[in-house]
Amino acid sequence: MSPRRCSSPSTTSSSSLTSNKGAIPHSVDFHATRIAPDKAFGDVFPGKSVSYSFRADDPGVFMYHCGTKLVSMHIANGMYGAIVVEPPAGVLPQADRNYVLVAGEWYLDSDGLKKPAQFNMAKAHARQPDWMIFNGYAGQYVEHPLTAKPGELVRFRVVDAGPSLDTDFHVVGTIFKTAYTFGDMNPADALHDVQTVTVPAGAGASSTSRSISPAFTRSSHTPSPLSTRAKSGS
Ligand SMILES: [Cu+2]
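Residues numbered from 1 in each chain as written. Predicted model: local features only at pLDDT ≥ 70, side-chain atom pairs only at ≥ 80, totals over all residues.

### Remarks on the overall build of the chain
Which entries qualify depends on this criterion: Put simply, DSSP marks the helices as runs of H or I at least four residues long and the strands as runs of E at least two long, and each gets a number from the N terminus on. Note on contacts: each residue gets a C-beta atom placed from the backbone, and two residues are in contact if those atoms are within 7 Å.
When you go through the chain residue by residue, the secondary structure sums to 4 helices and 15 strands. Taking contacts inside the chain between residues at least 6 apart in sequence as the whole, the part at least 24 apart equals 74%.

### With respect to the sheet that holds strand β7 (residues 97-106)
This is how it is decided: At least two bridges found by DSSP between two strands is the condition for calling them paired. Geometry is summarised by axes, namely lines fitted to C-alpha atoms with helices restricted to the contacting stretch, and by angles between N-to-C directions that run from 0 to 180 degrees.
Pairing is mixed across the open sheet formed by 6 strands, whose spatial order is β8-β7-β9-β14-β11-β12. The open sheet terminates on both sides in strands that have one partner only, identified here as β8 (131-134) and β12 (191-194). Ignoring which end each strand starts from, the neighbouring axes of this sheet average 25° apart. Relative to β8, β7 runs antiparallel, the two being bridged by 4 bridges. What sits directly across from Gly-104, in β8, is Ile-133.

### Considerations on the confidence of the model for the chain
We count it as follows: pLDDT: the predictor's confidence for each residue, scored from 0 to 100.
Confidence in the prediction for the chain averages 86 pLDDT; 85% of positions are at 70 or higher. Strand β1 (residues 4-7) is the least confidently modelled element of the chain, averaging 53 in pLDDT, while helix α3 (residues 121-126) averages 97, the highest of any element. Low pLDDT (under 50) marks residues 222-234, which in the prediction has 36 contacts with non-local residues, meaning those over four places away or in another chain.

### A few points about the environment of Ser-15
For the record, the criterion: Three classes are used. A residue is buried when 20 or more other C-beta atoms lie within 10 Å of its own, exposed when 12 or fewer do, and partly exposed in between, with C-beta atoms placed from the backbone.
Note on placement: Ser-15 falls in strand β2 (residues 11-17). Residue Ser-15 is classed as partly exposed on the basis of its 18 C-beta neighbours within 10 Å. What Ser-15 contacts, discounting residues up to four positions off in sequence, is Val-28, Phe-30, Ser-51 and Tyr-52.

### As for the pairing of strand β5 (residues 60-65)
Counting buried positions over the 6 residues of β5 gives 6, a clear majority of the element. Of the two faces of β5, both are covered, the one formed by Gly-60, Phe-62 and Tyr-64 as well as the one formed by Val-61, Met-63 and His-65. Alignment of strand β3 (residues 29-30) against β5, held across 2 bridges, turns out to be antiparallel. Directly across from Phe-30, in β5, lies its bridge partner Tyr-64.

### Thoughts on unusual backbone geometry
Cis geometry is adopted by the peptide bond preceding Leu-70, which originates at Lys-69 and carries an omega value of -10°. Checked against the element boundaries, Leu-70 lands in the loop between β5 and α2 (71-76). Following Gly-162, the chain continues into Pro-163 via a peptide bond in cis, with omega recorded as 25°. Inspection of the secondary structure puts Pro-163 in the loop between β9 (153-160) and β10 (167-171). Its identity as a non-glycine residue notwithstanding, Met-185 has a phi of 60°, on the positive side. Of note, Asp-193 is a non-glycine position whose phi angle comes to about 60°, a positive value.

Here you go:
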């Protein structure tokens with residue numbers, strides 16, 4: 001699945017899962033929709049296809065994912081992404097930079113060095129991931145930090161794909177000027193001057209802050225039960 005899609009309210013967004021080439025069914029569940037799930041989100045069996053469209057009437061930061069049972073297994077295998085429905089022009093101040101981060105968890109049966117690691121159900125049930133990730137990879141932003149020039153307004157859209165653990169989103173060295181904790185981007189719901197924004201699994205949030213230094217360090221303040229190998233701050 002692609003990492004993100006953007007649209008404006010009242011525009012039509014379409015989704016298609018064309019010719020499922022896998023060995024098991026999959027599906028596409030958009031949290032940004034108000035739609036009959038049995039029709040739109042149903043299982044697509046190998047060799048079959050599905051397509052549907054919906055009006056993106058609700059501004060916000062939403063998750064989409066494969067909703068086929070066992071849902072947690074499909075999500076924990078990376079079948080998810082973010083869809084950002086922008087509010088009408090002028091509702092939010094223009095940001096100098098926009099970043100979309102999708103948090104997730106890898107539950108693995110091996111270190112994956114000699115052969116690809118597979119999903120480990122026991123670890124998923126115990127909620128003990130090997131890795132906590134942003135945008136698919138643990139630690140990638142330690143190596144390649146997100147950047148902004150001092151004084152720029154930076155907007156983060158954060159989705160927590162889970163499947164199980166919340167993300168407590170914080171940017172080291174600054175405070176969010178405005179935060180929409182459930183991602184609806186309605187100014188009436190905004191919080192101001194908050195240090196950490198909690199994003200529940202299966203939800204999104206939007207927050208803005210002004211950059212102080214050229215390179216951001218973000219972190220998830222999710223505490224244990226991370227295993228000793230699990231890395232936060234990715
Ligand atoms: Cu799937």
